[in-house]
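The primary structure of each chain is shown beneath.
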Amino acid sequence: MTEGVLALRLQPDVLAAAHGDQRAFGRLVDGTSNVVASIALAILRDAEASADVAQDVYLSVWTDLRKLRDPGSFLPWLRQLTRNRAHHTLRTRVRRQQRIYSGDRADPLLSAATDPRPDAIEEMVAAEEKLALARAIDELPAGAREVV
């Protein structure tokens with residue numbers, strides 16, 4: 001169904017829901033839930049979080065629908081509201097993760113995440129030191145070599 005056809009089909013329900021008709025609002029939700037879910041999921045990449053965003057969006061639609069001047073602009077308004085809520089959720093999630101990984105708690109997390117094995121340079125240095133030590137021991141007299 002094209003956007004223009006959907007907008008025309010939803011227009012009577014937009015007007016009725018703006019005046020408090022719960023059944024009309026239910027039809028609006030049914031007719032637009034795929035759009036809202038798709039936008040939220042595309043931004044958040046998390047089905048549970050996108051469902052939460054959809055709930056927030058429809059709650060806002062129910063409370064603010066009477067402020068919408070042009071029923072024909074319902075779909076663009078709904079899509080923009082969904083994008084705004086999803087981006088807000090994403091920003092909140094990023095800030096929360098930054099708080100978790102900053103400060104005093106970051107050092108134990110970072111040390112647990114790092115590989116304790118030596119890297120290539122450290123292995124090369126250790127190999128050269130081992131070779132130098134073996135040469136030095138070989139140059140010692142036999143009696144001293146046994147002691148070392």
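It should be noted that the structure appears before, not after, this text.
Residues numbered from 1 in each chain as written. Predicted model: local features only at pLDDT ≥ 70, side-chain atom pairs only at ≥ 80, totals over all residues. Heavy atoms only, no water.

**Student:** How should I be thinking about the pattern of salt bridges in this particular structure?
**Tutor:** If you walk through the whole model with that rule in mind, you get three salt bridges. Taking the shortest distance from any N to any O, the salt bridge between Arg27 and Asp13 comes out at 2.9 Å. Residue Arg27 is located in helix H2 (residues 22–44), and its partner Asp13 is located in helix H1 (residues 3–18); the two are separated by 14 residues in the primary sequence. Across the pair Arg93 and Asp46 runs a salt bridge, and its minimum N-O distance is 3.5 Å. Here the residue Arg93 occupies a position in helix H4 (residues 74–100), and Asp46 occupies one in the loop between H2 and helix H3 (47–64), the gap between them amounting to 47 residues. Classification of Arg93 as partly exposed rests on a relative accessible area of 24%. The class of Asp46 is partly exposed, set by a relative accessible area of 29%. (Salt bridge = Lys/Arg side-chain N within 4 Å of Asp/Glu carboxyl O. Helix = DSSP H or I, 4+ residues; strand = E, 2+ residues; numbered from the N terminus. Buried < 20%, exposed > 50% of the residue type's maximum accessible area, 1.4 Å probe, protein only.)

**Student:** Sorry, what's going on with H2 here?
**Tutor:** Think of an α-helix as 3.6 residues a turn; residues three or four steps apart then line up on the same face. Thr32 marks the point of greatest bend in H2, at about 55°. Buried within H2 are the following residues: Ala24, Phe25, Leu28, Thr32, Val36, Ile39, Ala40, Ile43 and Leu44. Near the N-terminus of H2, the side chain that reaches the backbone nitrogen of Arg23, with its oxygen 3.0 Å away, is that of Asp21. One or two steps after H2, the chain reaches Arg45, where phi turns positive at roughly 55°. (Bend = angle between axes of the 7 residues up to and from the residue. Polar contact = N/O pair within 3.5 Å; in protein donor to acceptor, adjacent residues only side chain to side chain.)

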